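Fold and contact review
Here is what each chain is made of, one letter per residue.
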Amino acid sequence: MRSDVITVQTGSRPVVRDITDEAQAFVSGQGDGLLHVFVPHATAGLAIIETGAGSDDDLLRAIDDLLPTDGRWRHRHGSPGHGRDHVLPAFIPPYATLPVLDGRLALGTWQSICLVDTNGDNPVRQVRFTFLPA
């Protein structure tokens, strides 16, 4: 098993950040196996979606519709509505496992691995890549 952590700058606003290139660089030349991606944060998740065609903005809008930043949340520290950030990983999990074939991610044509971070209070995130050889 091989594992490494990368640091991702997410900024102070909700963001869908494509980390596919970083994941591909990690598995390049590794042969067949599985890539496990994990975000060790209570307020971020991972999604496999199309990016660049508006889907990333659509996802953030859907999160706002489903989990608004209003006063309904019991978890109240941080920015107003921050409680929703702690609920996010129940809907967008903090992990994903993907097949790797001959050192290449076996993603579909339009699929990207994306870090989803709605918590502007923490502008820097860690992402752990773990490769399990076949």
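This is a predicted model, so every value here is computed, not measured.

Calculation notes
Residues numbered from 1 in each chain as written. Predicted model: local features only at pLDDT ≥ 70, side-chain atom pairs only at ≥ 80, totals over all residues. Heavy atoms only, no water. Helix = DSSP H or I, 4+ residues; strand = E, 2+ residues; numbered from the N terminus. Rg over C-alpha atoms; globule rule 2.2 N^0.38 Å. Salt bridge = Lys/Arg side-chain N within 4 Å of Asp/Glu carboxyl O. Pairing = 2+ DSSP bridges. Core = buried A, V, L, I, M, F, W, Y, C linked by side-chain atoms within 4.5 Å. Buried < 20%, exposed > 50% of the residue type's maximum accessible area, 1.4 Å probe, protein only. Contact = heavy atoms within 4.5 Å. Arc of directions from axis to C-beta.

**Description of the overall build of the chain**
Regarding its fold elements, the chain presents 3 helices and 8 strands. Starting at the N terminus and ending at the C terminus, the chain contains elements arranged as β-β-α-β-β-α-α-β-β-β-β. Taken over the C-alpha trace, the chain has a radius of gyration of 15 Å; the compact-globule value for 134 residues is 14 Å, and the two agree within 12%. Viewed in the frame of its principal axes, the chain has a C-alpha envelope of about 50 × 30 × 20 Å.

**As for the pattern of salt bridges**
Taken as a whole and judged by the stated rule, the model has 6 salt bridges. A salt bridge links Arg17 to Glu22; the shortest N-O distance between them is 3.3 Å.

**Overview of the pairing of strand β8 (residues 124-133)**
Where strand β1 (residues 2-9) and β8 come together, 8 bridges link them in antiparallel fashion. Bridged to Val8 within β8 is Arg125. Relative to β8, strand β3 (residues 33-38) runs antiparallel, the two being bridged by 6 bridges. The residue bridging Phe38 from the neighbouring strand is Arg128, located in β8.

**Describing the nonpolar core**
One finds Ile19, Leu35, Val37, Leu115, Val127 and Phe129 to be the most contacted residues of the largest nonpolar core, which totals 20 residues. For this core, the secondary-structure elements that each account for two or more residues are β1, α1 (20-27), β3, β4 (44-49), β5 (95-101), β7 (112-117) and β8. Residues within four places of Val37 in sequence aside, it is in contact with Ile19, Leu46, Pro94, Tyr95, Ala96, Leu98, Val127, Arg128 and Phe129. Listed in part, the 12 residues of the second largest apolar core include Ile49, Ile63, Leu88 and Ile92.

**Brief notes about α1**
Those residues of α1 that fall on the buried side of the exposure criterion are Thr20, Ala23, Gln24, Phe26 and Val27. Projected down its long axis, α1 carries its buried residues within an arc of 160°, all on one side. Opposite the packed face of α1, turned more than 90 degrees from it, sit the exposed residues Asp21 and Ala25. At the exit of α1 stands Gly29, carrying a positive phi of roughly 80°.

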